[in-house]
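Geometric and topological summary
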Amino acid sequence: MGPVRRPGQHDGPRPRIGRGVREVYEPRSGTPGRARPRRPFPTTPTSATDTLGVIARSSLATGRTQSAARRSQEEAVAHVVIVGGGVVGLALAARLTARGDRVTVLEKEQGLAEHQTGRNSGVIHSGLYYAPGSLKARFAAAGSRSMTRFAKEHGVDVATPGKLVVAVDADEVPRLEKLATRGEANGVPLRRIGPVEAREYEPHVSCVAALRVESTGIIDYRSVCHALAGLVTAGGGEIRLGHAVRSARTAGSTVHVQVTSARGEEEISADFLVACAGLHADRIAVACGVDPGARIVPFRGEYFELRPEAAGLVNGPIYPVPDPRFPFLGVHLTTSVDGHVHVGPNAVLALAREGYTWREVSPRDLADALSWPGLWRLGAKAWWPGAHEVARSLSKPLFAKSLARLVPQVRADDLVPAPAGVRAQALQRDGAMVDDFLVRAAPRQLHVINAPSPAATAALEIAEHLERSLDRIAST
């Protein structure tokens, strides 16, 4: 059980800057950074897309459903340690602090959203691509609404330009139709259109058929993270930067978490631990005594931007019909909220889990990937597409050629290098990529093992799912 919280009381130190090293998160100017009165728990039923101002559900410490606003002054709250300062970890932290639990977020980097969250296309996905009934399908469809609403309520740049998914030749039309059927099963608002109507949206696009998806949005996910972090600190939670989790063990009703920071080693005792560790999710699970059920294999996605003179070729996101053999969506063109046009990503094996260029090599990470039988089995099934991805990574003209299939006017000299991202893909021993979100539970612990795209879109929905999972653990 955690310590008693009284109304208005904050646990732990207030946000501050450490000596020489940024140790505790301090909200950005303009993000929520001071305590505000909590709104009362709604008296009418709420959906999964409720925003964070009204999410107060059951107490982890008691397992009983009640609002934080209804808690008695003497009632204990749970202390939850969350590993990872990306959008999923922070979304959960915001939910838990909103209902009155004590939260400590541990992030090994000196800033938030340094990896997957801060290095993606910035797209709010509609739920078009995912198997009906899967967590990805359910959470993306709801997340496209909740994330857009959250951004508007918290001053985060967001827009909903919609997107085109285009078949560039007749061979791709059956796959486009299959995609449309899947999207309809997921409740995605879409229309089948021909090339003439497609060019009304994108005058420079080349296609024989297309899908128009109105609900696709664009957003700045780093700003989303800072807004969520502001809510955490405003609610009395703590975000410790530069704190790396080394291990954890559960003893009775307590989780003992071993942490390393600039100040040395320390142990944090908590009621529960939730790991949203992204690229290191499997390693954190093993270090906490939990079988991850898969291994993280890093795939780098490289991006370019269109130079300003060519940016006018694109009005909104333009996607190809994806290759069904892979969970990647293919090289696409995406407008961003800052006015730039991002193009990419490809997908190549990264030589380090945080390897954003070919020059960044980690012997340990590479050995982990190459010693996993699943990688070799995947390679045997997909060696030709994989070789093409590597060739495209090493050749800007080949990269531009892929884009020119969608927008023929794009040339290699229109491409300006942009920061790459690395996708944490959970891969099973038999070579199958884990196609859905994967969460592993243990006594007093939850580990998010696989949360690739559309995890950023669906972060608020994933957080609610994790909250319910924690409540189930607490009640057992």
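Residues numbered from 1 in each chain as written. Predicted model: local features only at pLDDT ≥ 70, side-chain atom pairs only at ≥ 80, totals over all residues. Heavy atoms only, no water.

1. What to know about the overall build of the protein chain
A tally of regular secondary structure across the protein chain gives twelve helices and 21 strands. Counting all 476 residues of the protein chain, 58% fall into the buried class. In the protein chain, once contacts between residues fewer than 6 apart in sequence are set aside, the share between residues at least 24 apart is 72%. Looking at the protein chain as shown, the accessible area adds up to about 19300 Å², and 54% of this sits on carbon and sulfur atoms. (Helix = DSSP H or I, 4+ residues; strand = E, 2+ residues; numbered from the N terminus. Buried < 20%, exposed > 50% of the residue type's maximum accessible area, 1.4 Å probe, protein only. Contact = heavy atoms within 4.5 Å. Areas by Shrake-Rupley, 256 points an atom, 1.4 Å probe, with all protein chains shown as cover.)

2. A few points about the pairing of strand β17 (residues 341-344)
Neither face of β17 is left uncovered, since the one carrying V341 and V343 and the one carrying H342 and G344 both have all their residues buried. Two elements, strand β14 (residues 295-306) and β17, share two bridges in a ladder whose sense is antiparallel. Residue pairing for β17: F304 is matched across the bridge by V343. Here four bridges tie strand β16 (residues 332-335) to β17, and the two strands are oriented antiparallel to one another. (Pairing = 2+ DSSP bridges.)

3. Quick look at helix α9 (residues 373-381)
Working note: α-helix, 3.6 residues per turn, so residues spaced by three or four point in the same direction. Within α9, the full set of buried residues consists of G374, L375 and L378. The buried residues of α9 occupy an angular sector of 100° when projected down its axis, which confines them to one face. Across α9 from its buried face, at more than 90 degrees, point the exposed residues W376 and A380. Lining the buried residues of α9 we find β14, β18 (348-349), α8 (363-370) and β19 (415-427). (Arc of directions from axis to C-beta.)

4. Some remarks on the environment of A244
Within the secondary structure, A244 is located in strand β10 (residues 244-251). Sequence-wise, A244 and V259 are 15 residues apart; in three dimensions their C-alpha atoms are separated by 5.5 Å. Ignoring anything within four residues of it in the chain, the contact list for A244 reads K108, Q258, V259 and T260.

5. Section: the confidence of the model for the protein chain
Per-residue pLDDT for the protein chain averages 86, and the proportion of residues at 70 or more is 84%. Per-residue pLDDT stays below 50 along residues 1-21; that stretch engages in 53 contacts with residues further than four places along the chain or on separate chains. Of the regions scoring below 50 in pLDDT, residues 30-75 engages in 106 contacts with residues more than four places distant in sequence or in other chains. (pLDDT = per-residue confidence, 0-100.)

6. Some words on the packing of helix α2 (residues 135-153) against helix α12 (residues 459-475)
Following both chains from N to C, one finds α2 and α12 inclined at 115°, their axes separated by 6 Å at the closest point. Of α12, the residues touching α2 (which contributes L135, F139, A142, G143, S146, M147 and F150) are A459, L460, E461, I462 and H465. Residues that form the contact of α2 with α12 fall into these classes: eight nonpolar, three polar and one charged. (Axes fitted to C-alpha atoms, helices over the stretch in contact; angles between N-to-C directions. Nonpolar A, V, L, I, M, F, W, Y, C, P; charged D, E, K, R; others polar.)

7. So, the sheet that holds strand β2 (residues 102-107)
Reading across the sheet, the six strands line up as β9-β2-β1-β13-β21-β20 and stay open at both edges, with mixed pairing between neighbours. Single-partner strands in this sheet number two, and they are β9 (238-241) and β20 (438-442). Between one strand axis and the next, the sheet turns by 15° as a mean value, whatever way the strands run. In this sheet, β9 lies alongside β2 in parallel orientation, the contact comprising four bridges. Looking at the pairing, E107 lines up with L241 of β9.

8. Observations concerning a nonpolar patch on the surface
Together, W358, V390 and L394 give the surface a local cluster of nonpolar side chains, amounting to about 270 Å² of exposed area. Inspection of the secondary structure assignment puts V390 in helix α10 (residues 383-394). (Patch = residues over 30% accessible without salt bridge, like charges linked within 9 Å, V, L, I, M, F, W, Y side chains within 5 Å. Salt bridge = Lys/Arg side-chain N within 4 Å of Asp/Glu carboxyl O.)

9. Considering α10
Relative to the 16 Å expected for twelve residues at 1.5 Å per residue, α10 spans 17 Å between its end C-alpha atoms, a close match to the ideal helical length. Lining the buried residues of α10 we find β14, β18 and α11 (396-406). (Expected span 1.5 Å × (residues − 1).)

10. What about the pairing of strand β21 (residues 445-450)?
Burial within β21 is extensive, with six of its six residues counted as buried. Bridge count for strand β13 (residues 272-275) against β21 is three bridges, and the pairing is parallel. In the sheet register, A275 faces β21, and the bridge partner there is H447. Where β20 meets β21, five bridges bridge the pair, whose relative direction is antiparallel. Each residue of the ladder has a partner; that of V439, found in β21, is V448. In sequence, β20 turns back onto β21 through a hairpin of two residues, with R444 there showing a positive phi of about 65°.

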